[in-house]
Amino acid sequence: MNFELDEQQAELVRAARAGLAQALPPSTLRAHIDPHEGVARLATALWDWVARMGWTSLRVREPLGGLGLGLTEATLLHEELGRALFVGPFTSTCVFAVEVLQATSGFDAALRGIAEGRVRVATATLRTQDALALRGLGSLPSRLAFECVGHAPAATHFLLTGEAAEDSAVAVWLPRESVTVLQRQALDPTHALGSVHWTPGAGPDPTVFPLSSTQLACCRAGTRLARCGELLGVAERALQSAVTHASERKQFGRPIGSFQAIKHLLADDFIALENARTAVRHAAWSCDAAAEDALLAADVAVAACVPMVRRVTSDAIQVHGGMGYTWEADPQLFFKRAQRLSAELGGDAGARRRIAGAVLDDGAVLLQ
Amino acid sequence: MNLRFSPEDEAFRQQVRHWLRDNLREFGFAEGDWRARREAPAVFRWERHLARSGWTGLSWPREYGGRALPLVRQVIFLEEYAAADAPQLYNSMAHGILAPTLIHWGTEAQKRRFLPPILSNEERWCQGYSEPGAGSDLAALATRAVRVSDARGDRYVVNGQKVWTSLAHLADWCFLLVRTDAAVPRHQGISFLLMDMKSKGVTVRPLRQMTGESEFNEVFLDDVEIPVANRVGEENQGWDIAMTAANHERGTFFIPAIAALRRELRDLVALARERDALKDALVRDRLTQAFIDVRLMLLTAYRTVSLLMQGQPPGAEASFTKLVWSETRQRMTELAVELLGEQAQLHWEDAGFGAPARWQREQLWARAQTILAATSQIHRNIIAERALGLPR
C-alpha cells in the first residue's frame, strides 16, 4: 500500500510545472483575455507546444503512437494545468475524445491526429431525443444546435455523445467544416466558448457510432476526474494567493494573516483541499486498477472537489478584501475557472445522489 | 502509487480478524454488548491477554520484545480491532505516545525498565501535561521540580497540580512535564519525568464528566520525589521530547479512532433504516456526507502512513486528522440522537443496553473530543502557521 507518486509521475509533475511557468506566464494570459476573442487564438497557439511536451499522446494507446498512461498521470497533469489556468481543449481532446474513440474502432487516424497535436476536439451532450433518433433509427436529425460548447472556437473536430436508452448510447464525430461556430463571450475570461450549429449538407457527413451506456459512463467518469484534478490546481493557486496576500497585507499594525479569523478560514480551506486531493488520487488509482468501486470513487472525488473549490476560491476573494473584487487581481480568474469547471462537472448533486444509492440502498460498500 | 494491500498483508488481516472473533467470544464479550467492553477489570484482563498473544509492540524493535512489523501491519491490526468493536484500550497512552518516545529518547536502562511492562500491559500509564493555568498554552505550565542531591540520592522534588489527567486513578505511572528552570524562555525550562503514581505526595481526585462518569482527574503533587534517573532526555529538553511525542500522536495515534468511525457509520445507517428515515432526502444527504468524510479520513490516514513507511515525517495532511475526526464524529452523533426521537430525552444509563444508549453516551463524549489533545481552535492555528506558513 503506497499513496506516494513514483519517480516517473513526480517527473511529469515537475516538467509540467516548469514548462507551464515558461509557456504560459500570467502576463501572456492577461494579454489574451481583453478583448475576449484573444483567448481562442492563445488556445490554438499553445497547442503545438502541448504536443511537443508529449501531453496530447498521454492517454492514446501505444500502437497508435501514444504513451498509454493512466488516469493517475492525467489527473496529475490536470492539476498543473489548473494551477497555470491553462487555456485550451485539453480535457475534451486528450481525455474524453481519446476514451470514446478508443472504445470503438475505425478512428485510428483521428487518434494519431490527436497524439500528434493536429486534432483538437470540443465536446457536447446530445439531447435524449436526438440520441434516440441517431441510435435507434440511424437517421440524422434535421439540425443539431448547442448553445454553450467549451473550446468550440479552437476546435478542429466535434464529438457529440448522449444516452439513448437504458443501456445504449451514441456518439457523433464531426469535422469543423460541417458546422457553424459562433464565438461567445465566456464568464471565465480564460475560456473560449462557442455556439455550434449543424445542418445536413454543410461539409462531410457526420460519423455516427454506437456505445454502451457503461462505456460512455466510464469515459465520462474519467473526464470528470481529470476536471477534478484541474480543480485541485486552481484551488491550490487560489489558496496560495490568499496566504501570500494575508502575510503581506497589514491592518491594525499587523499582517492580517496573524488574525485567527483569517487563519481558521484558510486552515479549513487547506483541509478541504487536502481531502479532495486524497479523493482524486484514490479515484484515479481505482480507475487505473479497475477496482470494483472505481465509479463510486470518482463520484466521491466530485463530491469532495466541487464544494471545496467554491469555498477556496470564494475565500481567496474575501481575504483579498476590495482588491479581490477587481479585474486586475487574480482571485476573479480562479473563481470563474472553478465555476466553469464545476458547471462542466454538472455540480455535485448527481454524484451525491449516486453515492447515496450505492451506500444506503444496497449497503454493500459499507459492509466491506 | 499502489493502494492495494499485498497478499501477505491480506493474510495477516484474516489472521487478526479470526483471532479477534474467536478470542472476544472466548473472553465473554458478547457481540453488541458495548457496556461489558467498557468495564475496567475486564478490559485490564483483556489487555494482558492481548499482550500474551503477541498483539502488542507490533512495530517495536525486536530487542525490546517487539515484532518489528512494518507500519502497514500495525494499521491493519488497528483497523480490524476497531471493526470488531473490541474494547477500547486503557493503556493506549503508553503504547501510542510514551513507548515511541522512550524508544527514541530513553536511556538503555530506562528502556529495559519501562518497556517490558508496557508491552505486557502490567503497568498502565497516564499523561501529566495540562494544568489549571496551562491548557491550550501548554508551555505556561508551572509545576516546579527542584533538583536535590544528598545522601538519599539524586532526585527532583515536585510541587504543583495537573488536571484533565485521563485514567490517572487507574494508572501505575505518569509521564510528566515539569518546570525545571523558571529563569529561561519558557519552552527551554521544561523537563520530561517518569513518575510512580504510588509516590508519597501524589493525590488523585476524580472529576465527574458531563456523561456522569469519572475518567479524568486532578492530580496534586506535594513534595513528590522522582529520581533523576527517571528523567527522559536532558534537563530542560522536555518540550522537544513532548513535541516528538505529539508527532507520534499525529502520525498514527488516531487511526483506531478513524477506523472505529467506519463501524459507527454502519451503525448509524442501521439506526436510520430501523427508524425508517432512509427515505428522507435530507437524512440521506447527511449520511452521504458522513460516508464521504469517513472514507476520505481513512484514505488520508493511508497517505500519512505511506510517508511514514518511507521514513519521511508525516505530511501536512496529518495535522488535521484529529480535527476532522472529532468534528465529523460530533455531526454523526448529533444525527444519531435526532434519529432517536423521543428516546433522545433519556439519560444513557437509563436507556437500556442497546444502540440508543450508546449513541446517547457517545454524543456527550464527542463534545470532549474537540477539546482533548489540543482544541479544534489550536489545531486550526497549527495548520495555518505550520502548513500554510501564516504569521503568528
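The structure under discussion appears in the preceding block.
Residues numbered from 1 in each chain as written. Chains lettered and ligands numbered in written order. Predicted model: local features only at pLDDT ≥ 70, side-chain atom pairs only at ≥ 80, totals over all residues. Heavy atoms only, no water.

Asks: It is not clear to me how the overall build of chain A should be interpreted in this structure. Could you clarify?
Replies: A tally of regular secondary structure across chain A gives 12 helices and nine strands. For chain A, the C-alpha atoms occupy an extent of roughly 70 × 55 × 40 Å along the three principal directions. Looking at chain A as a whole, 60% of its 368 residues qualify as buried. Intrachain contacts of chain A at a sequence separation of at least 6 include 75% that bridge at least 24 residues. Of the roughly 14600 Å² that chain A leaves accessible, carbon and sulfur atoms contribute 52%. One way to put it: in chain A the 34 positive side-chain charges average out to a point 6 Å from where the 39 negative ones average out. (Helix = DSSP H or I, 4+ residues; strand = E, 2+ residues; numbered from the N terminus. Buried < 20%, exposed > 50% of the residue type's maximum accessible area, 1.4 Å probe, protein only. Contact = heavy atoms within 4.5 Å. Areas by Shrake-Rupley, 256 points an atom, 1.4 Å probe, with all protein chains shown as cover. Lys, Arg positive; Asp, Glu negative; His and termini not counted. Charge placed at Lys NZ, Arg CZ, Asp CG, Glu CD.)

Asks: What is the right way to read the overall build of chain B from this model?
Replies: Counting its regular elements, chain B contains 11 helices and eight strands. In terms of overall dimensions, chain B is globule-like: its C-alpha atoms have a radius of gyration of 22 Å, near the 21 Å expected for 392 residues. The dimensions of chain B, computed from C-alpha atoms along their principal axes, are 75 × 50 × 45 Å. Looking at the 392 residues of chain B, the share that counts as buried comes to 54%. Taking contacts inside chain B between residues at least 6 apart in sequence as the whole, the part at least 24 apart equals 71%. (Rg over C-alpha atoms; globule rule 2.2 N^0.38 Å.)

Asks: Hey, could you run me through the sheet that holds strand E7 (residues 207-211) of chain A in this one?
Replies: Residues and elements named next belong to chain A. Ordered by their spatial adjacency, four strands build an open sheet running E1-E3-E4-E7, and the pairing between neighbours is mixed. Edge strands, defined here as strands with exactly one partner in the open sheet, are strand E1 (121-125) and E7. Averaged over all pairs of adjacent strands, the angle between strand axes in this sheet comes to 20 degrees, irrespective of strand direction. With five bridges connecting them, strand E4 (residues 168-175) and E7 associate as antiparallel partners. In the sheet register, Val172 faces E7, and the bridge partner there is Val208. Helix H8 (residues 213-248) rests against E1, strand E3 (157-165), E4 and E7 of the sheet, and its axis sits at about 130 degrees to E3. (Pairing = 2+ DSSP bridges. Axes fitted to C-alpha atoms, helices over the stretch in contact; angles between N-to-C directions.)

Asks: Mind showing me how you'd approach the pattern of salt bridges here?
Replies: In a structure, side chains of opposite charge can pair up when their charged atoms sit close to one another. Within this structure, the stated rule accounts for 64 salt bridges over all chains. With a shortest N-O distance of 3.0 Å, Arg13(B) and Glu79(B) are connected by a salt bridge. With a gap of 66 residues between them, Arg13(B) in helix H1 (residues 7-26) and Glu79(B) in helix H3 (residues 71-83) connect regions that are remote in the sequence. Judged by relative accessible area, Arg13(B) falls into the buried class, the value being 8%. Of the charged contacts in the structure, one is a salt bridge between Arg358(B) and Asp85(B), with a shortest N-O distance of 2.9 Å. Of the two residues, Arg358(B) is situated in helix H10 (residues 355-369) and Asp85(B) in the loop between H3 and helix H4 (92-105); the sequence distance between them amounts to 273 residues. The exposure classification of Arg358(B) matches that of Asp85(B), with both residues buried. Salt bridges linked by common partners bring Arg17(A), Glu79(A), Glu80(A), Arg83(A), Glu236(A), Glu274(A), Arg277(A) and Arg303(B) together as one network. (Salt bridge = Lys/Arg side-chain N within 4 Å of Asp/Glu carboxyl O.)

Asks: What's the story with the pairing of strand E1 (residues 125-128) of chain B in this structure? I'm lost.
Replies: Taken residue by residue, a regular strand's side chains alternate between the two faces of the sheet. Residue and element names in this part refer to chain B. Alternating residues of E1 divide into Trp125 and Gln127 and Cys126 and Gly128, and every residue in both groups is buried. One ladder, built from four bridges, connects E1 with strand E4 (residues 173-179); its direction is parallel. Residue pairing across strands places Gly128 opposite Leu176, the latter belonging to E4.

Asks: Is there a simple way to explain the nonpolar core in this structure?
Replies: Buried together is how nonpolar side chains tend to be arranged in soluble globular proteins. Ranked by size, the top nonpolar core spans 145 residues in total, and within it Trp55(A), Phe90(A), Leu266(A), Met308(A), Phe77(B) and Leu287(B) carry the most contacts. By residue number, the principal contributor to this core is helix H10 (residues 294-319) of chain A, which donates 15 residues. Judged by nonpolar contacts, the second largest core, of 28 residues, contains Ile97(B), Trp173(B), Ile190(B) and Ala242(B). (Core = buried A, V, L, I, M, F, W, Y, C linked by side-chain atoms within 4.5 Å.)

Asks: Teacher, can you tell me more about the interface of chain A and chain B here?
Replies: Accessible area lost when the parts come together is the quantity often used to give the size of an interface. Contacts between the two partners involve 49 residues from chain A and, on the opposite side, 47 residues from chain B. Taken together, the two surfaces of chain A and chain B that pack against each other cover about 4500 Å², and 65% of this comes from carbon and sulfur. Three residues stand out in chain A for area buried against chain B, namely Met1(A), Trp285(A) and Leu360(A), and they jointly supply 19% of the buried area on that side. Note that Arg352(A) and Asp285(B) form a salt bridge whose closest N and O atoms lie 2.9 Å from each other. Linking chain A with chain B are 21 residue pairs in polar contact (both at pLDDT 80 or more). Taken together, the elements giving at least two residues each to the side of chain A that touches chain B come down to H8, helix H9 (260-288), H10 and helix H12 (349-361) of chain A. (Buried area = accessible area lost by both parts, 1.4 Å probe. Polar contact = N/O pair within 3.5 Å; in protein donor to acceptor, adjacent residues only side chain to side chain.)

Asks: Teacher, can you tell me more about helix H5 (residues 90-102) of chain A here?
Replies: Residue pairs three or four apart in sequence face the same way in an α-helix, which turns once every 3.6 residues. Residue and element names in this part refer to chain A. Look at H5: 17 Å from first C-alpha to last across 13 residues, which is about the 18 Å you get at 1.5 Å a residue. At Phe96, H5 shows its largest kink, close to 30 degrees. The buried fraction of H5 is high, at 13 of 13 residues. (Expected span 1.5 Å × (residues − 1). Bend = angle between axes of the 7 residues up to and from the residue.)

Asks: Explanation requested: the side chain of Asp9(B) in the structure shown.
Replies: Relative to the helices and strands, Asp9(B) is located in helix H1. When sequence neighbours within four positions are dropped, the list of residues in contact with Asp9(B) reads Val72(B), Arg73(B) and Ile76(B).

Asks: Please explain the side chain of Asp130(A) as it appears in this structure.
Replies: Secondary-structure assignment places Asp130(A) in helix H7 (residues 128-137). A relative accessible area of 9% places Asp130(A) in the buried class.

Asks: What is the right way to read the environment of Thr214(A) from this model?
Replies: Residue and element names in this part refer to chain A. Considering the arrangement of structural elements, one finds Thr214 in helix H8. Look at Thr214 and you get partly exposed, because its relative accessible area is 47%. Along the backbone, Thr214 and Ser168 are 46 residues apart, and their C-alpha atoms lie at a distance of 8.4 Å.

Asks: Would you explain the sheet that holds strand E5 (residues 179-184) of chain A in this entry?
Replies: Hydrogen bonds between backbone groups are what pair the strands of a sheet, and the pairing can be parallel or antiparallel. Residue and element names in this part refer to chain A. In space, the three strands of this open sheet follow the order E2-E6-E5, with antiparallel pairing throughout. Each edge of the open sheet carries a strand with a single partner, namely strand E2 (144-150) and E5. This sheet shows a mean twist of 20 degrees between the axes of neighbouring strands, independent of strand direction.

Asks: Just to check I follow, could you spell out helix H9 (residues 321-340) of chain B for this structure?
Replies: Between its first and last C-alpha atoms H9(B) spans 29 Å; for 20 residues at 1.5 Å apiece the expected length is 28 Å, and the two agree. Following H9(B) by one or two positions, Gly341(B) has its phi on the positive side, about 60 degrees.

Asks: Looking at this model, I keep getting lost on the environment of Leu273(A). Mind explaining?
Replies: Residue and element names in this part refer to chain A. By secondary structure assignment, the location of Leu273 is in helix H9. Among the residues examined, Leu273 registers a relative accessible area of 3% and is labelled buried. In the structure, Leu273 is positioned 32 residues away from Ser241 in sequence and 14 Å away in space, judged by C-alpha atoms. Those residues in contact with Leu273 that lie beyond four places of it in its chain are Leu232, Ala235, Glu236, Leu239 and Met308.

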